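Residues per chain, in single letters:
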Amino acid sequence: MDKLYIVSIIRLLLAGALGGIVGYEREHTKRPAGFRTHILVCAGSALVMVVSEFAFKKYAGFTKMDPARLGAQVISGIGFLGAGTIMREGAGVKGLTTAASLWIVSCIGIAVGAGFYLGAILATFITFFTLIFLKKMESRLVFRKRYANLYVQTVDKIEQIEKVKTALEE
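Here the structure is a predicted model, which is why all the values come from computation and not from measurement.

Novice: Any chance you could break down the overall build of the protein for me, citing the residues and the numbers?
Specialist: The number of helices and strands found in the protein is six helices and two strands. Reading the protein from its N end, one meets helices and strands in the order α-α-α-β-β-α-α-α. Taken over the C-alpha atoms alone, the protein extends approximately 85 × 30 × 25 Å along its principal axes. Buried positions account for 28% of the 170 residues belonging to the protein. Considering only contacts in the protein between residues 6 or more positions apart, those separated by 24 or more positions represent 62%. Carbon and sulfur atoms form 66% of the exposed surface of the protein, whose accessible area is close to 12000 Å². Each charge class in the protein was averaged separately, 21 positive and 12 negative side chains, and the resulting centres sit 11 Å apart.

Novice: Could you give an account of the nonpolar core, naming the residues involved and the relevant values?
Specialist: Nonpolar side chains in soluble globular proteins generally cluster together in the buried interior. Core analysis: the biggest nonpolar cluster contains 15 residues, and I108, V112 and A120 have the highest contact counts within it. Of all elements in the fold, only α1 (3-28), α2 (35-58), α4 (96-114) and α5 (117-140) reach the threshold of two or more residues within this core. Residue contributions to this core peak at five residues, all from α4. In this structure, A120 is in contact with L18, I108, A111 and V112, ignoring residues within four places of it in sequence.

Novice: How would you summarise the packing of aromatic side chains if you had to cite specific residues and measurements?
Specialist: Counted under the stated rule, the structure contains one aromatic pair. For the pair F129 and F133, a centre-to-centre distance of 5.4 Å together with 40° between the ring planes defines the contact as tilted. With F129 and F133 both in helix α5 and four residues apart, this pair spans about one turn of that helix. Judged by its relative accessible area of 45%, F129 falls in the partly exposed class.

Novice: Quick one: what's the story with helix α3 (residues 69-83), residue by residue and with numbers?
Specialist: Its 15 residues place the ends of α3 22 Å apart at the C-alpha level, agreeing with the 21 Å of an ideal helix rising 1.5 Å per residue. Along α3, the positions that sit buried rather than exposed are G71, V74, I78 and G82. Buried residues in α3 make contact with α2 and α4.

Novice: Please provide a residue-by-residue account of α2, values included.
Specialist: Given a rise of 1.5 Å per residue, 24 residues ought to cover 34 Å, and the 34 Å separating the end C-alpha atoms of α2 matches this to within 8%. Taken residue by residue, α2 has H38, V41, C42, S45, A46, M49, V50, S52, E53 and A55 as its buried positions. Of the surrounding elements, those touching the buried residues of α2 are α1, α3 and α4.

Novice: Please set out the pattern of salt bridges residue by residue, giving values where relevant.
Specialist: Any two side chains of opposite charge can pair, on the condition that their charged atoms come close. Per the stated rule, a full pass over the model turns up three salt bridges. In this structure, the salt-bridge partner of E25 is R26, at a minimum N-O distance of 2.8 Å. According to the relative accessible area criterion, R26 is buried, its value standing at 3%. With its nearest N and O atoms 3.0 Å apart, the salt bridge here joins E53 to K57.

Novice: How would you sum up the state of the cysteines? Please name residues and give values.
Specialist: Evaluation of the coordinates by the stated rule reveals zero disulfides. Lacking any disulfide linkage, C107 is separated from the closest cysteine sulfur, that of C42, by 9.6 Å.

Criteria and cut-off values
Residues numbered from 1 in each chain as written. Predicted model: local features only at pLDDT ≥ 70, side-chain atom pairs only at ≥ 80, totals over all residues. Heavy atoms only, no water. Helix = DSSP H or I, 4+ residues; strand = E, 2+ residues; numbered from the N terminus. Buried < 20%, exposed > 50% of the residue type's maximum accessible area, 1.4 Å probe, protein only. Contact = heavy atoms within 4.5 Å. Areas by Shrake-Rupley, 256 points an atom, 1.4 Å probe, with all protein chains shown as cover. Lys, Arg positive; Asp, Glu negative; His and termini not counted. Charge placed at Lys NZ, Arg CZ, Asp CG, Glu CD. Core = buried A, V, L, I, M, F, W, Y, C linked by side-chain atoms within 4.5 Å. Phe/Tyr/Trp six-rings, centres within 6.5 Å; stacked < 30°, edge-to-face > 60°. Expected span 1.5 Å × (residues − 1). Salt bridge = Lys/Arg side-chain N within 4 Å of Asp/Glu carboxyl O. Disulfide = S-S within 2.5 Å.

As structure tokens, this is what we get:
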């Protein structure tokens, strides 16, 4: 078997494993895009880079190809997938972290597909650390304002609303 094929198999398996590490955390916290989604995004991104390298080597004498062009399309294209995980909820927004995790696993996949294993592994552990440990730290610190909705239903609206206003002001 050709060396390029063996390296490609290793790259795709590693990308799947690294995407799975990040996806495990998302699945464990019951987020919209979980374990399988992150594996698919990371392995797909790696495949794009492997195909890019393959095509670059195959057509090197016939055309001037830029092997990074396909990877660049992954970076912009993953935004559509990530945008689908972002939902507006009242005054806040949900899904931003999941969208960011999809984006980073696509970058991890590109790094693995290009053969930059150290960067991909380091980025995976930084991502995993951020998602697990910094979330715990963030909940202990006050980084963001907390909002709450209050719904009041009354029979005698004018008098009751005044009472609620007074109670809230106190």
